Amino acid sequence: MATVTRAETQPSLWADEAEVAEAAKSWKPASQDCREFRHAWERYTASIAQDGSVERTLQCGRNCGTLRSETLHIIGERLVRVGSPRYSYEEGYLIPGLGRIGGEGLEVLRFIAMSREINLPRAKASRSKAAGKRAD
Ligand SMILES: [Zn+2]
C-alpha cells in the first residue's frame, strides 16, 4: 500500500459518466460505496510521537482498504489537527487521470452500486442536460 495524494493521481477535473462507469468495473463493492457515501472512518491506531504530537490512523470500516493518518498537537486539553490528513489506498482505488466524481458521474455510480442489490429497470433518459446537477 502506498501513500499518495490526490494531486499526484488526479487532475482537478470532473470525471464524466463514461469514465465513472468504466472505473466502477474495477472497483470492489466497498470501494464503490465509499465513492458514493465517503469513507466510514473508525479508530485504528494512535501513538505519541517523539515530538509529543499524536499520530492517529483511521481505517475505513467498509473494507475499501483506505487508511487516513493525521498528526494532532496537544494544546491544553484539545487535540488540534496539524496539516492535511494523509491517505493510503489499496491498489486500484485511485485511477490515474480519473477526475473527481460528482453530479452525473455520481448518479451513474449510484446506479451501478444499487444494481448489485436490486434489479433496477433502465428507464428512458428523461431529464434534460440543463436539469443536471453537476457540481462543477
Ligand atoms: Zn472506504
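Since we're looking at a predicted model, the values are computed, not measured.

Engineer: Give a description of the nonpolar core that names residues and reports values.
Structural biologist: In this structure, Ala15, Val20, Ala23, Trp27, Ile101, Leu106, Val108, Leu109 and Ile112 together form the largest nonpolar core, which totals nine residues. Mapped by element, the contributors of at least two residues to this core are helix H2 (17–24) and helix H4 (103–114). The element that contributes the greatest number of residues to this core is H4, accounting for four residues. If sequence neighbours within four positions are ignored, Ala23 has contacts with Ile95 and Leu98.

Engineer: A description of unusual backbone geometry should follow, citing residues and the corresponding values.
Structural biologist: One non-glycine residue with positive phi stands out, namely Arg38, at about 75 degrees. Mapped onto the elements of the fold, Arg38 is located in the loop between helix H3 (29–37) and strand S2 (41–48). One non-glycine residue, Asn63, lies in the positive phi region at around 65 degrees. As for its placement among the helices and strands, Asn63 is situated in the loop between strand S3 (54–60) and strand S4 (67–75).

Engineer: Account for the pairing of S3, naming residues and giving values.
Structural biologist: Bridge count for S2 against S3 is seven bridges, and the pairing is antiparallel. Each bridged residue has a counterpart across the sheet, and for Ser47 the counterpart in S3 is Glu55. Hairpin connection of S2 to S3: five residues between the antiparallel strands, including Gly52 at a positive phi of 90 degrees. Sheet topology places S3 next to S4; six bridges connect them, and they run antiparallel. Across the sheet, the residue bridging to Gln59 is Leu67, located in S4. Where S3 folds back onto S4 in an antiparallel hairpin, the turn is made up of six residues, including Asn63, whose phi is positive at roughly 65 degrees.

Engineer: Mind laying out the packing of H3 against H4, listing which residues take part and the relevant values?
Structural biologist: At a minimum axis separation of 10 Å, H3 and H4 run at an interaxial angle of 140 degrees. The orientation of H3 with respect to H4, classified from their angle, is oblique. Pair H3 / H4 crosses with left-handed handedness. Of the residues in H4, those touching H3 at Gln32, Asp33, Arg35 and Glu36 are Leu106, Leu109, Arg110, Ile112 and Ala113. Per-class residue counts for the contact of H3 with H4 are four nonpolar, one polar and four charged.

Engineer: Outline H4, listing residues and values.
Structural biologist: Taking 1.5 Å of rise per residue, twelve residues should cover 16 Å, and H4 covers 17 Å from first to last C-alpha, within 8% of that figure. Within H4 the residues assigned to the buried category are Gly105, Leu106, Val108, Leu109 and Ile112. Axial view of H4: buried residues confined to an arc of 155 degrees, hence all on one face. Those residues of H4 that are buried lie in contact with H2 and H3.

Cut-offs used in this document
- Residues numbered from 1 in each chain as written.
- Predicted model: local features only at pLDDT ≥ 70, side-chain atom pairs only at ≥ 80, totals over all residues.
- Core = buried A, V, L, I, M, F, W, Y, C linked by C-beta atoms within 7 Å.
- Buried ≥ 20, exposed ≤ 12 C-beta atoms within 10 Å, placed from the backbone.
- Helix = DSSP H or I, 4+ residues; strand = E, 2+ residues; numbered from the N terminus.
- Contact = placed C-beta atoms within 7 Å.
- Pairing = 2+ DSSP bridges.
- Axes fitted to C-alpha atoms, helices over the stretch in contact; angles between N-to-C directions.
- Parallel < 35°, antiparallel > 145°, perpendicular 65-115°, else oblique.
- Left-handed = near helix turned anticlockwise from the far one by under 90°.
- Nonpolar A, V, L, I, M, F, W, Y, C, P; charged D, E, K, R; others polar.
- Expected span 1.5 Å × (residues − 1).
- Arc of directions from axis to C-beta.

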